[in-house]
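Survey of secondary and tertiary structure
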Amino acid sequence: PRDPATAVLLEDLCCTLVAVARERPLAADAPATAEACIERLLVHRLACTAAATHSELVNSVPRRHVEHTEFDAVLARLAVYNPPRGLQQGTYAIRAETWALFDPAYPYLSRAELHRALERWQQTVRKAGDGSSVPPPPPPSPLPRGL
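Residues numbered from 1 in each chain as written. Predicted model: local features only at pLDDT ≥ 70, side-chain atom pairs only at ≥ 80, totals over all residues. Heavy atoms only, no water.

**Observations regarding the overall build of the protein**
Note the cut-off: Helix and strand definitions here come from DSSP, where helices need a minimum of 4 consecutive H or I residues and strands a minimum of 2 consecutive E residues; each element is numbered from the N-terminal end. For each residue, the accessible area found with a 1.4 Å probe, counting protein chains only, is set against the maximum for its type, and the residue is called buried under 20%, exposed over 50%, and partly exposed in between. Note on definitions: a residue-residue contact is assigned when non-hydrogen atoms from the two residues lie within 4.5 Å. We get accessible surface area from the Shrake-Rupley algorithm with a probe of 1.4 Å; when it comes to residues, only the shown protein chains can shield them.
In terms of helices and strands, the protein carries six helices and two strands. Moving toward the C terminus, one meets the helices and strands of the protein in the order α-α-α-α-α-β-β-α. In the protein, which comprises 147 residues, the share counted as buried stands at 29%. At a minimum sequence separation of 6, the contacts of the protein that also span at least 24 residues come to 63%. Accessible area of the protein: about 9,600 Å², with a carbon and sulfur share of 59%.

Here you go:
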């Protein structure tokens, strides 16, 4: 399209269609466990921030997930806890191996959050040197058959 506004609308439409197609199988399959939902939410929240306090993470996740008995266990599995220093609170940072669970097509990330997350992944790879200890974010999964 020659009109820039139309091009932007078409791009947004395509992004929305991909998001719907990717989320539909998750809803149609066997119900996801609460732990799997918590994991998915936390992976993407952790990917967007360099370091987040427990309070910041709790405020970014729906209350029903925060109140789940496994919330802190899932958080501990996905993140490294950095204890408080001086007057600063303790923070959580994504583990290098947790990047393997990151989905660049996760529909609940804004463009700015996705950009930050991908920059953080690149920084993690550079810190690791050869990048062998940091798995790449997976490519978007294929669309379900019949779409």
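Now that the structure has been shown, we can carry on.
**Observations regarding the packing of helix α2 (residues 34–48) against helix α5 (residues 71–78)**
Operational definition: The convention used is that axes are lines fitted to C-alpha atoms, helices contributing only their stretch in contact, and that angles between N-to-C directions extend from 0 to 180 degrees. For classification, angles of less than 35 degrees are called roughly parallel, those exceeding 145 degrees roughly antiparallel, those between 65 and 115 degrees roughly perpendicular, and all remaining angles oblique. Crossings are classed by handedness, with left-handed meaning an anticlockwise turn of the near helix from the far one by less than a right angle and right-handed meaning a clockwise turn. Side-chain classes are defined by residue name, with Ala, Val, Leu, Ile, Met, Phe, Trp, Tyr, Cys and Pro counting as nonpolar, Asp, Glu, Lys and Arg as charged, and the others, Gly among them, as polar.
Interhelical geometry of α2 versus α5 gives an angle of 45 degrees and a closest axis separation of 10 Å. One element, α2, and the other, α5, form an angle in the oblique class. For α2 against α5, the interelement crossing comes out right-handed. Residues Glu-35, Ile-38, Glu-39, Leu-42, Val-43 and Leu-46 of α2 touch α5, and the partners they reach there are Phe-71, Val-74, Leu-75, Arg-77 and Leu-78. Residue composition of the contact of α2 with α5, by class: eight nonpolar, no polar and three charged.

**As for the packing of aromatic side chains**
Two descriptors summarise a pair of aromatic rings, namely the distance from one centre to the other and the angle between the planes of the rings. Rules: A pair of aromatic rings is counted whenever rings of Phe, Tyr or Trp (Trp by its six-membered ring) have centres within 6.5 Å, and the orientation is called stacked for planes under 30 degrees apart, edge-to-face for over 60 and tilted otherwise.
This model, assessed by the stated rule, comprises three aromatic pairs. With centroids separated by 5.5 Å and ring planes inclined at 75 degrees, the aromatic side chains of Trp-99 and Phe-102 adopt a geometry described as edge-to-face. In this structure Trp-99 comes out as buried when scored by relative accessible area, which is 0%. Overall, Phe-102 belongs to the buried group, its relative accessible area being 0%. Ring geometry for Tyr-106 and Tyr-108: centres 5.4 Å apart, planes at 75 degrees, overall edge-to-face. The buried category is assigned to Tyr-106, whose relative accessible area is 7%. Relative accessible area serves as the criterion here: at 54%, Tyr-108 is assigned to the exposed category.

**Topic: helix α6 (residues 111–128)**
Using the following cut-off: The span one expects for a helix is its residue count, reduced by one, times 1.5 Å. Comment: arc refers to directions from the helix axis out to C-beta atoms.
For α6, built from 18 residues, the straight-helix expectation of 26 Å at 1.5 Å per residue is met to within 8% by its first-to-last C-alpha distance of 26 Å. Three or more residues of α6 are buried, namely Glu-113, Ala-117, Arg-120, Trp-121 and Thr-124. Looking down the long axis of α6, one finds its buried residues gathered within 100 degrees of arc, a one-sided arrangement. Summarising the geometry of α6, the exposed residues directed more than 90 degrees from the buried face are Arg-111 and Arg-126. Contacts from the buried residues of α6 go to α2 and β2 (91–94). Backbone geometry just after α6 places Gly-129 at a positive phi near 90 degrees.

**Thoughts on α5**
For α5, the set of buried residues is Phe-71, Val-74, Leu-75 and Leu-78. Relative to the axis of α5, the buried residues are bounded by an arc of 100 degrees and lie together on one face. Buried positions along α5 lie against α2, α3 (54–59), α4 (63–66), β1 (79–82) and β2.

**As for the environment of Val-61**
For Val-61, the position within the fold is in the loop between α3 and α4. A residue is classified by how much of its surface remains accessible, and Val-61, at 6% relative accessible area, is buried. Sequence separation of Val-61 and Leu-42 is 19 residues, and the distance between their C-alpha atoms is 7.7 Å. If sequence neighbours within four positions are ignored, Val-61 has contacts with Leu-41, Leu-42, Val-66 and Phe-71.

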